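Summary of structural features
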Amino acid sequence: MTDLFRVGVIANTHGIKGEVKVFPTTGEPDRYTYLKEVILDTGKEKKTLEIASARFFKNLVIVKFKGIDNINDIEQYKGCELFVTRENAIPLKEGECYIADMAGMEVVTDDGTDFGILKDVMETGANLVFVVIHEGKEVLLPDIPDCVKEVNMEENRITVHIMKGLLD
């Protein structure tokens, strides 16, 4: 189980006063309007940054961090990821789980056969796609009702139906 959840990636700088364009990787990008702080992963260290302001432009969020007032102070962080702690994550509704908590789950078919281990979950425009390690190879399974039958967090198991053509 992870304690950090990715909410964005710094795409580029915006202007000369230290603002950045952030590509949001959260299901609710409007959360930036009330988010107080994020954790910047520089690759070498993690820094907590306070958000001074956020506004939206097309599919991006323009973010201004407190104490960063110059393009030279933020430019080095282009491409870096932004995270929030589990405490600052969006609260779950009944029956929901965090995608980050699903990695490593056992995947079985609807007839009870062991199929593999969930490696990752990709977010696409249409639906989630489960990346499952099956017989040493990655298999992509769409998170649609015809394929994913049940996600059981208590038993750490996902039950799937292997639709025709998915393993070809």
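Glancing now at the overall build of the protein chain. Counting its secondary structure elements, the protein chain contains one helix and 12 strands. Its C-alpha atoms put the protein chain at 60 × 35 × 30 Å along the principal axes. Relative to its 168 residues, the protein chain shows a buried fraction of 38%. Long-range pairs, those at least 24 residues apart, make up 49% of the contacts in the protein chain with a sequence separation of at least 6. Separation between the mean location of the 20 positive side-chain charges and that of the 30 negative ones in the protein chain comes to 10 Å.

So, about the side chain of Arg31. Mapping Arg31 onto the fold places it in the loop between strand E2 (19-24) and strand E3 (37-41). The buried charged residue Arg31 lacks any salt bridge, with Glu28 as its nearest oppositely charged partner at 6.7 Å. Side-chain polar atoms of Arg31 contact the backbone oxygen of Asn88, separated by 2.7 Å. Discounting chain neighbours no more than four positions away, the residues touching Arg31 are Val7, Thr26, Val84, Asn88, Ala89 and Ile90.

This part covers the environment of Glu106. Tracing the chain through its elements places Glu106 in strand E7 (residues 106-109). Among the residues examined, Glu106 registers a relative accessible area of 28% and is labelled partly exposed. Taking the C-alpha atoms as reference points, Glu106 and Glu28, 78 residues apart in sequence, are found 28 Å from one another. Discounting residues that sit within four places of it in the chain, Glu106 has contacts with Asp114, Gly116, Ile117, Asn156, Arg157 and Ile158.

Backbone geometry places Glu135, a non-glycine residue, at a positive phi of 50°. The topology assignment puts Glu135 in the loop between strand E9 (128-134) and strand E10 (137-142).

Strand order around the closed barrel formed by six strands is E1-E2-E5-E4-E3-E6, with antiparallel pairing between neighbours. Strand-to-strand twist across the sheet, computed as the mean angle between neighbouring axes with direction ignored, equals 50°. Pairing geometry for strand E1 (residues 4-14) and strand E6 (residues 81-85), over five bridges, is antiparallel. Each residue of the ladder has a partner; that of Phe5, found in E6, is Val84.

Reading the values: rules and limits
Residues numbered from 1 in each chain as written. Predicted model: local features only at pLDDT ≥ 70, side-chain atom pairs only at ≥ 80, totals over all residues. Heavy atoms only, no water. Helix = DSSP H or I, 4+ residues; strand = E, 2+ residues; numbered from the N terminus. Buried < 20%, exposed > 50% of the residue type's maximum accessible area, 1.4 Å probe, protein only. Contact = heavy atoms within 4.5 Å. Lys, Arg positive; Asp, Glu negative; His and termini not counted. Charge placed at Lys NZ, Arg CZ, Asp CG, Glu CD. Salt bridge = Lys/Arg side-chain N within 4 Å of Asp/Glu carboxyl O. Polar contact = N/O pair within 3.5 Å; in protein donor to acceptor, adjacent residues only side chain to side chain. Pairing = 2+ DSSP bridges. Axes fitted to C-alpha atoms, helices over the stretch in contact; angles between N-to-C directions.

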